[in-house]
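An overview of the molecular structure
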Amino acid sequence: MIVTHLELRNFRNYPSIDLDFDEKANIVTGKNGSGKTNIVEAIYFLSLCKSWRTNETRALIRQGSSFALIRADVREGELHRRIEIQITSQGKKISLNGKPIRRLSELSKIVNVALFSPEDVNIFKDSPSSRRNFLDISLSKQSPDYFSLIGKYNKLLQERNAAMKNINPDRTYLEVLTDQMIDVSEPIAHYRSVYLEGLNKILSKLASALYGQSRTVLLVYKPFIRSAEFKPAAKKAYERSLESDLFHKTTSVGVHREDFSLMLDGKDISLYGSQGENRLAAIALKLTPFFLIEDGGRKPITVLDDVYSELDAIHAERLTNLIKSLGQVFVTSAEVSIEGGTYIDVSQNIATRRK
Ligand SMILES: Nc1ncnc2c1ncn2[C@@H]1O[C@H](COP(=O)(O)OP(=O)(O)OP(=O)(O)O)[C@@H](O)[C@H]1O
Ligand SMILES: [Mg+2]
């Protein structure tokens, strides 16, 4: 899948732009604050109808305007589709080939975007929720079953937390909810463990290509149940924490607290890794979705926002080589050059493709 054309109306700093993209590397260049990230933000928006930068959809509408519009032409093999997203203060309206669509999941099936953003640099040092989000988002894109399991689990978790906030919590009801949570947790944990194993195969190659030498890179899953007997062990874990959970009125154990770490040459990168090693590992992790999906038609496009900053010349060159092996890519950068790439120059609220 590739994005061949993009039109923005009143999106962020742009009154109106129309752009044709290349099927390989597209490099958005311009000064700080000129609007480079805004363009790739619009491309990312096509896949989840959400920005990674803000939950305030209002911020996407150009100041002084009443609506914003993102229109894109997307090609998958011989199939051409047009996506239109209209954003107003009331909400978002999406249409596909002129017909309204209601479910966001329909959109993410059409546009799949793998993203690296500057916020990802510290993914291994941040709180576990950023790593879980990465797992949940990537796995949900790959498996509708996982998406539905996580949805069920989060609903049960909310109900359990709400039930514990009662003055006299109903312990029988809590047990019923807990049992249901355990039922959906087992496949969730299984999906996560298999996914991380798959990532490991790709990640060590990508990371070594970026580091410039063969290094052992291993993601280590930290499941909340380590025993092969999942259900009885989980039941015990919930029982052990019940009194404390009731006291704090929240659920302290479960797949919603799971995590993973990255071991670089056997040492936890969040504790021992340098800033640059963390940056390169984060970039490698964020590039994995492209290599993980084997079906060429379903491979994601890759958005790399500010991925080159703070890389020295030799690491930047290695990254460029890796980028050349991807499909369609959007890179924002003040100065990078990629041989054979298409350049989009941004200045004064206008973006133009360099001839
Ligand atoms: N809703 C909006 N209306 C008008 N302008 C906006 C809106 N949202 C953001 N901007 C403007 O967009 C500009 C920032 O754009 P963007 O983040 O894309 O810059 P950038 O080129 O990626 O910069 P950097 O190189 O620093 O990352 C700012 O000048 C900001 O004021
Ligand atoms: Mg930027």
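The structure presented is a predicted model; accordingly, all values stated were derived computationally and were not measured.

A separate point is the layout of surface pockets. Roughly 1600 Å³ of internal volume is contained in the largest pocket. Secondary-structure elements contributing two or more residues to the lining of the largest pocket are α1 (36–48), α2 (104–110), β8 (113–116), α3 (128–142), α4 (144–164) and α8 (275–292). Among the residues making up the lining of the largest pocket, the classes are represented as 20 nonpolar, 16 polar and 14 charged. Counting only domains with at least three residues in the lining of the largest pocket, you end up with domain 1 (1–112 + 302–355) and domain 2 (121–292).

It is worth spelling out the sheet that holds strand β11 (residues 267–268) at this point. Sheet strands pair by backbone hydrogen bonding; their relative direction is either parallel or antiparallel. The strand order β9-β10-β11 describes an open sheet built from 3 strands, whose pairing is antiparallel. Each edge of the open sheet carries a strand with a single partner, namely β9 (217–222) and β11. Across 6 bridges, the pairing between β9 and strand β10 (residues 259–264) is antiparallel. Among the inter-strand pairings, V220 is bridged to a residue of β10, identified as S261. Strands in contact with helix α5 (residues 171–211) are β9 and β10; relative to β9, the strand with the most contacts, it is inclined by about 160 degrees.

It is worth spelling out the sheet that holds strand β2 (residues 14–20) at this point. Strand order in the open sheet formed by 6 strands is β2-β1-β4-β5-β6-β7, with antiparallel pairing between adjacent strands. Lying at the two open borders of the sheet, with one neighbouring strand each, are β2 and β7 (99–101). On average, each strand axis in the sheet is tilted by 20 degrees relative to the strand beside it, whichever way the strands run. One ladder, built from 6 bridges, connects strand β1 (residues 2–11) with β2; its direction is antiparallel. Counted as the bridge partner of F11 is Y14 from β2. Sitting on the sheet, α1 touches β1, β2, β4 (67–76), β5 (79–88) and β6 (91–96), and the angle it makes with β1 is about 115 degrees.

Attention now moves to the packing of aromatic side chains. Throughout the structure, instances matching the rule amount to 6 aromatic pairs. Taken together, a centroid distance of 5.4 Å and an interplanar angle of 85 degrees make the contact between Y44 and W52 edge-to-face. Taking relative accessible area as the criterion, Y44 reaches 8% and is therefore assigned buried. By relative accessible area, W52 is classed as buried at 18%.

So, how was this worked out
- Residues numbered from 1 in each chain as written.
- Chains lettered and ligands numbered in written order.
- Predicted model: local features only at pLDDT ≥ 70, side-chain atom pairs only at ≥ 80, totals over all residues.
- Heavy atoms only, no water.
- 1 Å grid on protein atoms, 1.4 Å probe; cavity = no way out; pocket = protein on both sides within 12 Å on 5 of 7 lines; lining within 4 Å.
- Points joined across faces, edges and corners; volume = space filled by probe spheres on them.
- Helix = DSSP H or I, 4+ residues; strand = E, 2+ residues; numbered from the N terminus.
- Nonpolar A, V, L, I, M, F, W, Y, C, P; charged D, E, K, R; others polar.
- Domains from an automatic or database assignment.
- Pairing = 2+ DSSP bridges.
- Contact = heavy atoms within 4.5 Å.
- Axes fitted to C-alpha atoms, helices over the stretch in contact; angles between N-to-C directions.
- Phe/Tyr/Trp six-rings, centres within 6.5 Å; stacked < 30°, edge-to-face > 60°.
- Buried < 20%, exposed > 50% of the residue type's maximum accessible area, 1.4 Å probe, protein only.

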